[in-house]
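Commentary on secondary and tertiary structure
Next come the chains, spelled out residue by residue.
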Amino acid sequence: MASYSLLRLPAGPRCAAPVMLFLLAGFVAPLVMVVAYAFATPRSFDVFGSFSLANFASVLDPSGTLWTSFAWSIGLALACTLLLALIAYPIAYGLNHVFGRWSSLVSVLFVFPLFVSENVRLYGWVQFFIKGGVIDGLLKSWGLGSGPEVLYTPEITLFGMVYVYLPFMLFPMTLGLSMVPRDLLDAAADLGANRLMIWREVELPLAMPGIMIGMLLTFVLSVGAVAEAKILGGQSVITVVHDIEIAFTYAQNWPLGAALAVILVVLIGGLTLWALSRLDLDRVLGGR
C-alpha cells in the first residue's frame, strides 16, 4: 500500500524521496538524539526518560569554565574571519584582474594543500617552529641565537586557523569579484569617480554576496576548529569542540556534551540563517 501511494506522488517528490529518507536517517535522527540527550539527567543515558535543564545550567554557569571555551572558539573564529578577509581580498582581486593567464596556476597552488591531511600540514608547522626545528636550526647556523618561542600559544593557534581556512575564504571571494561587470567600473570611471570611490560604491557592494559567503563559511568552519588548538596551541586554548569531545569520550557525560553541541548548533544555525536572509542567492548562483 505504501509503495502504491509512493507511485501516485508527482515526479518531483517521488524522485526526491530517496534523498529525503537519507537526510532523515543520516541527519535528522542523530540531531533528534543529541537534542534528547541534552535534556537528560546529567551523567546518565536515560534518554527520552527524563527531562532536566541542569546540563544547560552547567554550561552557562559563570563560576564554571565551560562558557570560556565558547568565548575562545567564537573569539578566535571572528579574528580568523577578519584576518582572512583582509588577506584574501588582494589575492582574489589579483586572480580576477592582475594575474591574467597565471590565475589558474595560482589557484592550483592554493588548492593543492587541501589534498594533504590537515594534521600532516599542522605537524609540518610544528617541525618548522619547534625548538631544534627548521627556524631554530637556521638561526643557530647563522649565529643569530635561538628561534622565537611561538608554539603552544593562542597566537600560533590563530595562525594555524588562518593557514588552514584561507582557501575557504579566497574562492567565494574570488567568485564574488568575478561577478562585478567590468562595464560598470569603466562607466563609473568615465563619470569622474576616483579609484577609491569606484571600489566603495560599485565594486564592493556588487562583490559582497561572495565575500559574505566566504566569511560565513570561514566562521562556521573555524568555530569548530580543534586540531589547530591541539597540535599548534598545545591546548593553551580549550575550544568548545574539545569540551564536546571530552564529554562524549573520557568523561562519559553524554548529556553535557549534547547540551554543548545544541548550544553551538543554535548559535551557528542562527548566524547562518541571518546571513543567508541578507544574501541574494539567485544572483550568487547565476539565476539572474
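Residues numbered from 1 in each chain as written. Predicted model: local features only at pLDDT ≥ 70, side-chain atom pairs only at ≥ 80, totals over all residues. Heavy atoms only, no water.

Let's shift gears to the environment of T157. Position of T157 relative to the elements: it lies in helix α8 (residues 154-178). According to the relative accessible area criterion, T157 is buried, its value standing at 1%. Sequence separation of T157 and M208 is 51 residues, and the distance between their C-alpha atoms is 28 Å. Sequence-distant contacts of T157, defined by excluding residues within four places in its chain, comprise L76, E228, A229 and G233. (Helix = DSSP H or I, 4+ residues; strand = E, 2+ residues; numbered from the N terminus. Buried < 20%, exposed > 50% of the residue type's maximum accessible area, 1.4 Å probe, protein only. Contact = heavy atoms within 4.5 Å.)

This next bit is on the pattern of salt bridges. For side chains of opposite charge, pairing can occur when their charged atoms come near one another. Throughout the structure, instances matching the rule amount to 6 salt bridges. D186 is paired through a salt bridge with R182; the nearest N and O atoms lie 3.8 Å apart. Taken as a pair, D186 and R182 lie in helix α9 (residues 182-190) at a separation of 4 residues, close to a single helical turn. Among the residues examined, D186 registers a relative accessible area of 34% and is labelled partly exposed. (Salt bridge = Lys/Arg side-chain N within 4 Å of Asp/Glu carboxyl O.)

Here the focus is helix α4 (residues 66-97). When the terminal C-alpha atoms of α4 are compared, their 47 Å separation across 32 residues agrees well with the 46 Å that a helix rising 1.5 Å per residue should span. At A88, α4 shows its largest kink, close to 30 degrees, and the proline P90 lies no more than four residues downstream. (Expected span 1.5 Å × (residues − 1). Bend = angle between axes of the 7 residues up to and from the residue.)

Tallied over the entire structure, the rule returns 13 aromatic pairs. Aromatic pair Y89 and W199: ring centres 6.3 Å apart, planes at 85 degrees, arrangement edge-to-face. Taken together, the residues span a long stretch of sequence, with Y89 in helix α4 and W199 in helix α10 (residues 195-223) at a distance of 110 residues. Classification of W199 by relative accessible area gives partly exposed; the value is 32%. A centroid spacing of 5.5 Å and a plane angle of 80 degrees characterise the contact between W125 and Y163, whose relative ring orientation is edge-to-face. Of this pair, W125 sits in helix α6 (residues 118-129) while Y163 sits in helix α8, placing them 38 residues apart in sequence. In this structure W125 comes out as partly exposed when scored by relative accessible area, which is 22%. In this structure an aromatic cluster arises from ring pairing among W125, F128, F129, F159 and Y163. (Phe/Tyr/Trp six-rings, centres within 6.5 Å; stacked < 30°, edge-to-face > 60°.)

A word on the packing of α4 against helix α5 (residues 103-111). With their axes 9 Å apart at the nearest point, α4 and α5 run at an angle of 145 degrees to one another. Of the two possible hands of crossing, α4 and α5 adopt the one that is left-handed. Seen from α4, the contacting residues are I91, G94 and L95; seen from α5, they are S103, V106, S107 and F110. Residues of the contact of α4 with α5, tallied by class, amount to 4 nonpolar, 3 polar and no charged. (Axes fitted to C-alpha atoms, helices over the stretch in contact; angles between N-to-C directions. Left-handed = near helix turned anticlockwise from the far one by under 90°. Nonpolar A, V, L, I, M, F, W, Y, C, P; charged D, E, K, R; others polar.)

Glancing now at unusual backbone geometry. Its identity as a non-glycine residue notwithstanding, R43 has a phi of 55 degrees, on the positive side. Its place among the elements puts R43 in the loop between α2 (11-38) and α3 (54-60). You can call R43 exposed: its relative accessible area is 60%. Phi at Q235 takes a positive value of approximately 60 degrees, unusual for a residue other than glycine. Within the secondary structure, Q235 is located in the loop between α11 (227-231) and α12 (240-248). With a relative accessible area of 40%, Q235 lands in the partly exposed category.

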